[in-house]
Amino acid sequence: MKHHHRPAARRVAAAMCPHLQRAFLIAATCAITGCRLTQPPCPPAGDESPIILNPVELDWQPHAGAAPPLKLTDAEQPAAVFRCPFDSLRGERVYWDADLRLDLSACTALRVPVRVSSPNPIEGVSLYFRSGPGWYHLTLRLPPATGIWRIVTVPLETAAAEGRPGGWSGIEALRFSVWRGGTTATDIAVGPVRAVGTLGRDILVAVLRPPATDDEQGESRFARQLAQETVEDLRTAGIPALAMEGEEGLERAGSRRVPVLAVPYYPDAPTGVVARLAALLESGTRLIIAYDVPPPLQQALGVGGGRYLRDDARRQFAEIRVTSRALPGAPPSLRQSSHNIRAFEPLEGRSQVLAEWWTADGRPASYAAIVGSSNGIVLGHVLFAADRTARARLWRAMVLGLAPEVGAAAVRLALSRPPEPDRVVSSGTTSSIRRMLPRNHPAQAELRIAEAKREAALRLAARGHHAEALEQLDDAHRHFARATAAAEPPTPLPFRAVWCHEAYGVRGRTWDEAIHHLATNGITAVLPNVCWGGVAFYPSEVLPVADEVRERGDALAECLAAARRYHLEVHAWRVNWNLGPAPRPFIERLRAEGRLQRGRGGAQRPWLCPSHPDNRRLEVEAMVEIARRYNVNGLHFDYIRYPDADHCVCDGCRARFEESTGRRVQNWPDDLWSDQWRSEWNEWRRRQISLVVEEVHRRARAARPGLKLSAAVFRNWERDRHGVAQDWKLWCERGWLDFVCPMNYTDDAVQFELLVRRQRAWAGAVPLCPGIGASAVSPRLTAMDVTEQIRIAERAGAAGFVVFNYGETEFEELIPMLGLGVLRPAR
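Residues numbered from 1 in each chain as written. Predicted model: local features only at pLDDT ≥ 70, side-chain atom pairs only at ≥ 80, totals over all residues. Heavy atoms only, no water.

## Remarks on the environment of R321
To keep things clear, this is the line we draw: Labels follow the DSSP assignment, with helices taken as runs of H or I lasting at least four residues and strands as runs of E lasting at least two, numbered in each case from the N terminus. Two residues form a contact once any of their heavy atoms are found within 4.5 Å. Distance and chemistry together define a polar contact, namely a pair of N or O atoms within 3.5 Å, with one atom able to donate a hydrogen and the other to accept it when in protein, and with adjacent residues in sequence counting only for side-chain atoms on both sides.
Within the element layout of this structure, R321 appears in strand β19 (residues 317-322). If we skip the residues at most four places from it in the chain, R321 touches P332, S333, L354, A355, E356, W358 and G362. A distance of 3.2 Å separates the side chain of R321 from the side chain of E319, its partner in a polar contact.

Structure, rendered in structure tokens:
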């Protein structure tokens, strides 16, 4: 739950009475975010859940130089006070351990009372729950105010697994870790913790995802990402949902009788998972499953077929069109251009086709896209369409088609519970805002529509038309969000930029369309990713050229031509060292030449070794080539670092390091992390990276006077100059950068402000343009989240900002919403 107030809301609410102030601030927050549920719902005020653990009663064991916590029992509330002596300690964190026995399998979130004396020296706070041979890691957000108690809600679904934890039902220990972000002492008080949310009552849909793996990549990573996006889609649509993992998650869902279980993608599900899914179907849980449907489940769901069909051109399976009235409220069609499908078929008398595939040129493909029965729905491919609104509506329609009682509960939840951040707007809110806005303000029309839509939803709900009521609430929220966005005054920040990770711009759009869209909505610069460590998306004499250049032309030239038409700056973005999508023969040649990085464990990585002279030469020549041949406004470094503290320890690094020191490292590479070598080793690594920045600065400026150099950097210079050897404060001091962009990817405004103020000091005289991770956090940042972080950048004296990433969702939703207010161009 976000406890900070929002910028436009604060101004509008200033003249209201206290009761209206609170109602408006809460409602404005949820409206601008699209009224989605960003966490499991909490019980209404007064419905206090029981205390599950009291820090005062635990036997805490301090570590890393910490002292035992002070236990307060006679204060306003009992609390353990954890003192963090960051003024004297130089380690990354202090932490405390306590044994306990806890079963959290029935709850969905924790409510933690927290009071912090000063958040400034704190990088983050972690809660680690040990279960069996592993841990669950949760992040505890700090409250914005100092010295005041705040309740912080921590959703369990946000936990990251470390090792192989044995399940939420068998918690055996708790670790409380505070990570150092500064050099002054502070303390954190924690009160009695309560568990909230109940599966099957507050949570109506469970979303199954595969467990995390140590080396998560490929299909497993995609499946987990898709599951989280499905949770977000359902919450956007007003359906309380929760992500669960593997067999443990299925056991939780079954024991709590969750009405609907969604499986957006679970590749190669193990036998145990398939058996539990079948058992859930047998017990009455309804199932929505996509693409990879094991034969036992096909039979139980009443579908047949499932033949694999491929279309590399992505033209045969380009659109899903709903054909049945069994999905009330579904969008008529959904475009997503699948490159393969499973051709499932209905079994006579047991299931029916709910939607079909259509081709890119508007003809029926003659294959079912969605097949449904009374106890489940099967999709021929995963849902990944860029239109998130339509995708959310389709998920909701499928859930309500299977379980109408979920619709009734969702409407009741939306209309009857007290308003909370990221929740449904309460009655009377639009009229409160209207009184505070000028009569001729463009937001007034949006407010009138929002109010009418909400009244229509009330009438539909009273008649039992729950799907239709939720659709009206969708519209009400959309219009209210537009009204609140339009009430924002434009930012005075001159540099308003976006990173675009695709060399050819937004998928499905030309660079001309994409840049015209940015200019129309007040963006002043674009940073296109046109160059990696081992490939260029333009004709290059230095790097291998991507195959797409032969098919689609020069990506950088196309971007520049559009930017000149619409008066945007272009800063060419190079991913340094990381070879990325480089051609395999090129990578293998570098491997044979000993130019790839090797980690402490011995494995090679497809990154250029920074200490190899030929690699540094390649980095410099690649960037200088762009400056020499293209009229860009700037060059942008990215990945200008090592991947982590364990790289690179290849044979070449050993020879070059020992030559530079004049001494031999006896036990290579382990001795490098000893007190004898650590400082010298870290300084040597930093120098390998800084040499490239310095040389590009010198030569690129000579090639194109007036060129601006910038870098996307890690956010904590004090720590990251050691871990990844990124000494960006030095680069600013030496004048090698014209502006710097720390990647402050967080949805926590308090943390964002702490980071920006610290970075402002590190950057010194060099302009600071913090990175805002709109699509880099889960769930994605909303327009109001981004607006708040822009306002924080303003207050901290930043010169601008860069939003990551300019993709399809940002094109359709985020950028237009920001363009209504905070990015509104001068007329």
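## Here's the deal with the packing of aromatic side chains
The following threshold applies: Two rings belonging to Phe, Tyr or Trp (six-membered ring only in the last case) form a pair when the distance between their centres is within 6.5 Å. Interplanar angles under 30 degrees mark stacking, angles over 60 mark edge-to-face geometry, and anything in between is tilted. Throughout, exposure labels follow a simple rule: accessible area from a 1.4 Å probe, protein chains only, divided by the maximum for the residue type, with under 20% read as buried, over 50% as exposed, and the rest as partly exposed. Only Lys NZ and Arg CZ are tested; either one counts as a charge over a ring when it is within 6 Å of the ring centre and within 35 degrees of the ring normal.
Applying the stated criterion to the full structure yields 27 aromatic pairs. Each ring, one from Y128 and one from W135, has its centre 6.3 Å from the other, and the planes form 90 degrees; the classification is edge-to-face. By relative accessible area, Y128 is classed as buried at 7%. Residues W607 and Y639 carry aromatic rings whose centres are separated by 5.5 Å and whose planes lie at 55 degrees to one another, so their mutual orientation is tilted. Note that W607 is positioned in strand β30 (residues 604-608) and Y639 in the loop between β31 (634-638) and α17 (651-661), a separation of 32 residues in sequence. Through a chain of ring-to-ring contacts, three or more aromatic side chains come together here, namely F657, W668, W677, W681 and W684. A cation over an aromatic ring shows up here: R93 above the ring of Y95, its NZ or CZ 4.3 Å from the ring centre. R641 extends its terminal NZ or CZ atom over the ring of Y639, reaching a point 4.6 Å from the ring centre.

## What about the sheet that holds strand β16 (residues 260-263)?
How we decide: When DSSP finds two or more bridges between a pair of strands, those strands are recorded as paired. Lines fitted to the C-alpha atoms define the axes, with helices restricted to the stretch that makes contact. Angles between their N-to-C directions range from 0 to 180 degrees.
Here we have nine strands laid out as an open sheet, ordered β15-β14-β16-β17-β24-β23-β22-β19-β20, and mixed in their pairing. One side of each edge strand has no neighbouring strand; the edge strands of this open sheet are β15 (241-245) and β20 (333-338). Ignoring strand direction, the axes of neighbouring strands in this sheet form an average angle of 25 degrees. Direction of pairing for β19 relative to strand β22 (residues 351-358): antiparallel, over a ladder of four bridges. By the bridge assignment for β22, E319 is matched with W358. Along the sheet, helix α5 (residues 271-283) makes contact with β14 (205-209), β16 and β17 (286-290), crossing β16 at roughly 150 degrees. Together, β14, β16, β17, β20, β23 (364-373) and β24 (376-379) form the strand contacts of helix α7 (residues 388-402), whose direction differs from that of β17 by roughly 145 degrees.

## Observations concerning the sheet that holds strand β11 (residues 171-180)
Taken in spatial order, the six strands line up as β2-β5-β11-β7-β8-β10 in an open sheet, and their pairing is antiparallel. Bordering the open sheet on either side are β2 (61-63) and β10 (160-163), each of which pairs with just one other strand. Neighbour to neighbour, the strand axes of the sheet diverge by 25 degrees on average, direction disregarded. Direction of pairing for strand β5 (residues 93-102) relative to β11: antiparallel, over a ladder of eight bridges. Across the sheet, residue V94 finds its bridge partner in β11, namely V178.

## Considering the pairing of β22
When β22 meets β23, the two strands line up antiparallel, connected through six bridges. Paired with E356 across the bridge in β23 is A368. The loop that links β22 with its antiparallel partner β23 comprises five residues; one of these, G362, has a positive phi angle of about 80 degrees.

## Focus on the pairing of β19
Of the strand pairs in this sheet, β19 and β20 are connected by four bridges, and their pairing is antiparallel. Across the sheet, the residue bridging to R321 is S333, located in β20.

## Quick notes on helix α23 (residues 808-819)
What counts here: An expected span of 1.5 Å times one less than the residue number is assigned to each helix.
A rise of 1.5 Å per residue sets the reference length of α23, with its 12 residues, at 16 Å; its end C-alpha atoms lie 16 Å apart and thus fit the reference within 8%. Taken as a whole, α23 has its buried residues at T809, E810, F811, L814, I815, M817, L818 and G819. The secondary structure elements touched by the buried residues of α23 are α7, α11 (466-486), β25 (495-500), α12 (511-520), α22 (783-795) and β35 (800-804).

## A short note on the pattern of salt bridges
For the record, the criterion: Salt-bridge detection follows one rule: a side-chain nitrogen of Lys or Arg within 4 Å of a carboxyl oxygen of Asp or Glu.
Counted by the stated rule, this structure contains 53 salt bridges. Salt-bridge contacts for R719 lead to E123; the nearest nitrogen and oxygen are separated by 4.0 Å. One end of the pair, R719, is in helix α19 (residues 717-723); the other, E123, is in strand β7 (residues 122-131), with 596 residues separating them in the sequence. Several salt bridges share partner residues, and in doing so they unite E123, R715, R719, D720 and R758 into one network.

## Examining α11
Over its 21 residues, α11 extends 30 Å from the first C-alpha to the last, a length consistent with the 30 Å expected when each residue adds 1.5 Å. In terms of residue burial, α11 counts as a mostly covered element, since 15 of its 21 residues are buried.

## Remarks on the environment of W532
By the secondary structure assignment, W532 is in strand β26 (residues 525-532). Judged by its relative accessible area of 13%, W532 is buried. On a C-alpha basis, the gap between W532 and N576 in space is 6.3 Å, while along the polypeptide they are 44 residues apart. Leaving out residues up to four positions away in the same chain, W532 has contacts with H501, F537, L543, R574, V575, N578, L579, G580 and P581.

## Re unusual backbone geometry
For the bond from W668 to P669, the omega torsion is 0 degrees, close enough to zero to count as cis. With respect to the helices and strands, P669 occurs in the loop between α17 and α18 (678-703). The amide bond that connects F804 to the next residue, N805, takes the cis arrangement and shows omega of 0 degrees. You can see N805 is positioned in the loop between β35 and α23. Of note in the backbone geometry, S337 takes a positive phi value of approximately 50 degrees without being a glycine. Checked against the element boundaries, S337 lands in strand β20. Taking the relative accessible area as the measure of exposure, S337 reaches 25% and is therefore partly exposed.

## A few points about the packing of helix α10 (residues 443-462) against α11
The following threshold applies: Convention used here: angles under 35 degrees read as roughly parallel, angles over 145 as roughly antiparallel, angles from 65 to 115 as roughly perpendicular, and any remaining angle as oblique. Crossings are sorted by hand: turned counterclockwise from the far helix by less than a right angle, the near helix makes the crossing left-handed, and turned clockwise it makes it right-handed. Under the scheme applied here, ten amino acids are nonpolar (Ala, Val, Leu, Ile, Met, Phe, Trp, Tyr, Cys and Pro), four are charged (Asp, Glu, Lys and Arg), and all others, including Gly, are polar.
Interhelical geometry of α10 versus α11 gives an angle of 165 degrees and a closest axis separation of 8 Å. Put simply, α10 runs roughly antiparallel to α11. For the pair α10 and α11, the crossing hand works out as left-handed. Listed contacts from α11 to A443, E446, L447, I449, A450, K453, R454, A456, A457, L460 and A461 of α10 are H466, E468, A469, Q472, L473, D475, A476, H479, F480, R482, A483 and A486. Of the residues assigned to the contact of α10 with α11, the class counts are 14 nonpolar, three polar and six charged.

## So, the packing of α12 against helix α14 (residues 555-566)
What describes two packed helices is the angle between their axes and the distance between those same axes. Close contact between α12 and α14 brings their axes to 9 Å; oriented N to C, the two are set at 40 degrees. Our pair here, α12 against α14, has a crossing hand that is right-handed. Of the residues in α14, those touching α12 at W511, D512, I515, H516 and A519 are A555, E558, C559, A562, A563, R565 and Y566. A class-by-class count of the residues in the contact of α12 with α14 yields eight nonpolar, one polar and three charged.

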